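# Fold and contact review
The chain contents come next:
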Amino acid sequence: MLAEKTHSTDQTELQDADAPITVDEFAQFVREAINQPPWRANADKEADYADGNQLDSELLQKQRQLGIPPAKENIIGPAIRAVCGYEAKTRTDWRVTPDGDPQGQDVADALNYRLNQAERHSHADRALSDGFRHAATVGIGWVEVTRASNALKFPYACRAVHRNEIWWDMQSTEPDLSDARWLFRRRWVDRQRAARMFPEHKTIIMHSADKWIADLAGEMLEGGQSTGLAQAIDAERAWTVQEDNWYNDENQQVCLTELWYRRWDEVTILRARNGRAVEYDPSNSAHVAVVRSNRGVLERQILPKMRRAYFMGPHILHDGPTPHPHDHFPYVPIWGAREDMTGIPYGLVRDMMFPQDNLNASISKLRWGIASARIERTKGAVAMPDDVFRRMAARSDADIILDAEHMARPGARFEVKRDFQLNSQQFQLMDDSRRAMERVSGVSSAFMGQKGTASSGIQEQTQLEQSQVSIADLMDNFKEARRLVGEILMALIIEDMGREEQTIVIEGDTLNPPRSVVLNKPEIDPQTGIQYLSNDISRTRLMVALEDVPSSSSFRAQQLSALSESVKSLPQELQTVVMPFMIDLMDLPRKDQIVQAIRNATGQADPEQLREQIKQELMFELKERELALREREIAAKEAQYRANAVNTGVTSTFAAMQAAEKIAMNPAIAPVGDIVLKQAGWQPPTPAGQDPNIPTPVVAAPIEQPGGLPGDTTPTTPDVPASADIGANEGIETLRMD
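Residues numbered from 1 in each chain as written. Predicted model: local features only at pLDDT ≥ 70, side-chain atom pairs only at ≥ 80, totals over all residues. Heavy atoms only, no water.

### Re the overall build of the protein chain
Helix and strand content of the protein chain: 23 helices and 21 strands. Scored against the burial criterion, the 738 residues of the protein chain give a buried share of 32%. A total of about 45,800 Å² of accessible surface is found on the protein chain, and carbon and sulfur atoms cover 53% of it. (Helix = DSSP H or I, 4+ residues; strand = E, 2+ residues; numbered from the N terminus. Buried < 20%, exposed > 50% of the residue type's maximum accessible area, 1.4 Å probe, protein only. Areas by Shrake-Rupley, 256 points an atom, 1.4 Å probe, with all protein chains shown as cover.)

If you want it as structure tokens, here you go:
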């Protein structure tokens, strides 16, 4: 055994969170799985009952010897199918919402489109429905959420996993197994494939012994063995798939164990004021800035770290950290119900098995009694052996030859009596078994689509609601599992999108046109000048919620019927407005074209055209305002031009008068002024300028001598200095001695 090949480890030392798993630890997990409370054999039997295999092999042999025909009326199967049909009918879609961040609505809409796309292409609905059937039947179903191994297919995949492939830490109490220490899955794969999956260990894989799996106590793990149940005497199974993998030496397969385990580590958490918490990184400048500015606090916490390992028997093929961005197991459990003391899962079939056996036995007994006959005869009355006579008497076309000599004797007798009759007590026993199935499961005949005991529509609706209430816990567990599958898918999508700029085109529907959302767009903060990413998906806090409105076609038909009754009482113009919403609820192949035709005929504009029209009207109004502003600006400029012309004319006239005054006082400067103007590039105007027609006084003003009177301080007539030296030192910019 594996336990004998391993050595004990020192349990007094703390393990590093990044330390790989040892064979001793893996052997301990296997021993825990072997010593778990037994439930898988009963679960296999319950699943066989739901599949219609309800007759035990030993019972069939005894009935055959007694001549009792095997009979069964499978009521468990229709009940389970009715519950699964209710799940499909009330199926909801995922909706991504910003968790308290209203600015992340665009990011949420883009991720919501990607998540719904992944829901369709990864076959998540199908996998969840298969897992839900197992949960309703035996109490536990598993759904694997991972990346696709084939790069040519859709990047994500969801698959239902059989319960006998997965073992988990049953000491955990959380429904999502967030507190479980380990979970492993055992799968049989071809040797060639396993060798290519782990090329560094291909020698061990290709040359290992055929029965090495015994070292891992594979046969001691519960579940997968034949239950001995069948539908009839000639429909027994020789072996199960798992038994064939264990004992068939010719299939050339090996068993790989995929182990997921958690190690706990003490880490530093940075918790911001807005509630966001991340693992603190001292090398991250943003983290350091948040701590120094007192916008966050540091906390020491013990958190789990997920790791994954692959084993083939006692050989470790791979061990490393989880490749996924989340801390959940990639296998999501769907719970039915669990025992309080042991945590063993169980489903609806457990309580339905006894009524099913009682019904099958009653039918077999009644069929045998109706076809049976009691024969009273004296010894030697028939001319054939007793065993041949008994077989012949049981036939409907029996041909019995009597011994004439014996029958001629006095007292000889041969009499066939058929006195078995179906009385009311026997029929009541069968009917009570059928009703007991409804009582123990809560699934009524009306819920299964059959005729029940209701005598009116209200009673039938009440019985349907009662059945829905009876499976409310089961539906709540499924809703929580579906939400977790959506969160894991969203985590994978966000990791693959990364921090590169992407444009997501969200497809429109009948009422809403398509639109584009740009994620991770680099922008510059105008105030700080720091570059940041708008619509950053890695920083937007998101959550996956389930829509309260089912997405099934039957529910849309109910909505359409209710809306149609409401629209009948509306005015004609309002009916035309509501018509596109009614068509959106219909399952028509060309709803968009029908809505567009109605809008064109009634003059209604779709939302995109309405937005475009509003935009054009706003642009026209802005254009009118701009033109009015330009007109006022041109008028102001014209007034400014006129004022500038008057100012220029006055300045020129004043300058001309000053020049004339200077020339009149000193005629010798006129030739010098002409030379200065010509050297500066002055040209006489062509044509000549206009005469300003400035009036001249009748009496000419007397020409005064240069300079003013002694003591005159007027700037235009300064006192003539006594010498050039004195004048140079008494200018307006020369400081006086006092």
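From this point, things continue past the structure.
### A word on the packing of helix α3 (residues 40-51) against helix α12 (residues 353-371)
Closest axis-to-axis distance for the α3/α12 pair is 11 Å, and the angle between their directions is 50°. Compared by their axis directions, α3 and α12 come out oblique. Considering the relative orientation of α3 and α12, their crossing is left-handed. Contact residues: α3 offers Lys45, Glu46 and Tyr49, while α12 offers Met353, Gln356 and Asp357. Among the residues forming the contact of α3 with α12, the class breakdown is 2 nonpolar, 1 polar and 3 charged. (Axes fitted to C-alpha atoms, helices over the stretch in contact; angles between N-to-C directions. Parallel < 35°, antiparallel > 145°, perpendicular 65-115°, else oblique. Left-handed = near helix turned anticlockwise from the far one by under 90°. Contact = heavy atoms within 4.5 Å. Nonpolar A, V, L, I, M, F, W, Y, C, P; charged D, E, K, R; others polar.)

### Digging into helix α2 (residues 23-34)
In this model α2 runs 16 Å from its N-terminal to its C-terminal C-alpha over 12 residues, within 8% of the 16 Å that 1.5 Å per residue would give. For α2, the complete set of buried residues consists of Asp24, Glu25, Phe26, Ala27, Phe29, Val30, Glu32 and Ala33. (Expected span 1.5 Å × (residues − 1).)

### Here we look at a nonpolar patch on the surface
On the surface, Leu570, Leu574 and Val577 cluster together into a nonpolar patch covering about 220 Å² of accessible area. In this structure, Val577 sits in helix α19 (residues 572-584). Residue class for Val577 comes out partly exposed when judged on its relative accessible area of 43%. (Patch = residues over 30% accessible without salt bridge, like charges linked within 9 Å, V, L, I, M, F, W, Y side chains within 5 Å. Salt bridge = Lys/Arg side-chain N within 4 Å of Asp/Glu carboxyl O.)

### Points about the pattern of salt bridges
For the coordinates displayed, the defined rule picks out 30 salt bridges. Among the ionic pairs, Glu144 bridges to Arg185, the shortest N-O distance being 3.3 Å. Of this pair, Glu144 sits in strand β3 (residues 140-147) while Arg185 sits in strand β6 (residues 182-190), placing them 41 residues apart in sequence. The burial state of Glu144 is the same as that of Arg185; both residues are buried. A salt bridge links Asp265 to Lys305; its shortest N-O distance comes to 3.5 Å. Of the two residues, Asp265 is situated in strand β8 (residues 253-272) and Lys305 in strand β10 (residues 296-312); the sequence distance between them amounts to 40 residues. By relative accessible area, which is 27% here, Lys305 ends up partly exposed.

### Some words on the sheet that holds β3
Read from one edge to the other, the open sheet built from 3 strands follows the order β4-β3-β12, with strand pairing classed as antiparallel. Of all strands in the sheet, those with a lone pairing partner are β4 (156-161) and β12 (331-335), marking the two edges. Adjacent strand axes in the sheet meet at a mean angle of 20° when their direction is disregarded. Pairing analysis gives 6 bridges linking β3 to β4, with the strands arranged antiparallel. Across the sheet, residue Arg147 finds its bridge partner in β4, namely Tyr156. Each of β3, β4 and β12 is contacted by helix α7 (residues 124-138), which is oriented at about 160° to β3, the strand it contacts most. (Pairing = 2+ DSSP bridges.)

### Some thoughts on the nonpolar core
In this structure, Ile76, Val83, Val145 and Val485 are the most contacted members of the largest nonpolar core, which totals 59 residues. Of all the elements, helix α17 (residues 472-497) adds the most residues to this core, at 12 residues. Discounting chain neighbours no more than four positions away, the residues touching Val485 are Trp94, Leu128, Val143, Val145, Cys158 and Val332. With 19 residues, the next largest nonpolar core counts Ala43, Val138, Trp142 and Ile344 among its residues. (Core = buried A, V, L, I, M, F, W, Y, C linked by side-chain atoms within 4.5 Å.)

### Things to note about α3
For α3, which comprises 12 residues, the first-to-last C-alpha distance of 16 Å matches the rise-based estimate of 16 Å (1.5 Å per residue) to within 8%. Among the residues making up α3, those that are buried are Arg40, Ala43, Asp44, Glu46, Ala47, Asp48, Tyr49 and Ala50. One or two positions beyond α3, positive phi appears at Gly52, with a value near 100°.

### Side note on the pairing of strand β11 (residues 315-321)
In this structure, β10 lies alongside β11, joined through 6 bridges in antiparallel fashion. Considered in β11, the bridge of Arg307 is made with Pro321. Hairpin connection of β10 to β11: 2 residues between the antiparallel strands, including Gly313 at a positive phi of 65°.

### What to know about the packing of α7 against α17
With their axes 11 Å apart at the nearest point, α7 and α17 run at an angle of 145° to one another. Here α7 and α17 pass one another in a crossing that is right-handed. Every residue of α17 that contacts α7 at Asp125, Leu128, Phe132, Ala135 and Ala136 is listed here: Leu474, Met475, Phe478, Arg482 and Val485. Looking at the contact of α7 with α17, its residues break down into 8 nonpolar, no polar and 2 charged.

### Some thoughts on unusual backbone geometry
Phi is positive for His123, which is not a glycine, with a value near 60°. As for its placement among the helices and strands, His123 is situated in the loop between α6 (105-121) and α7.

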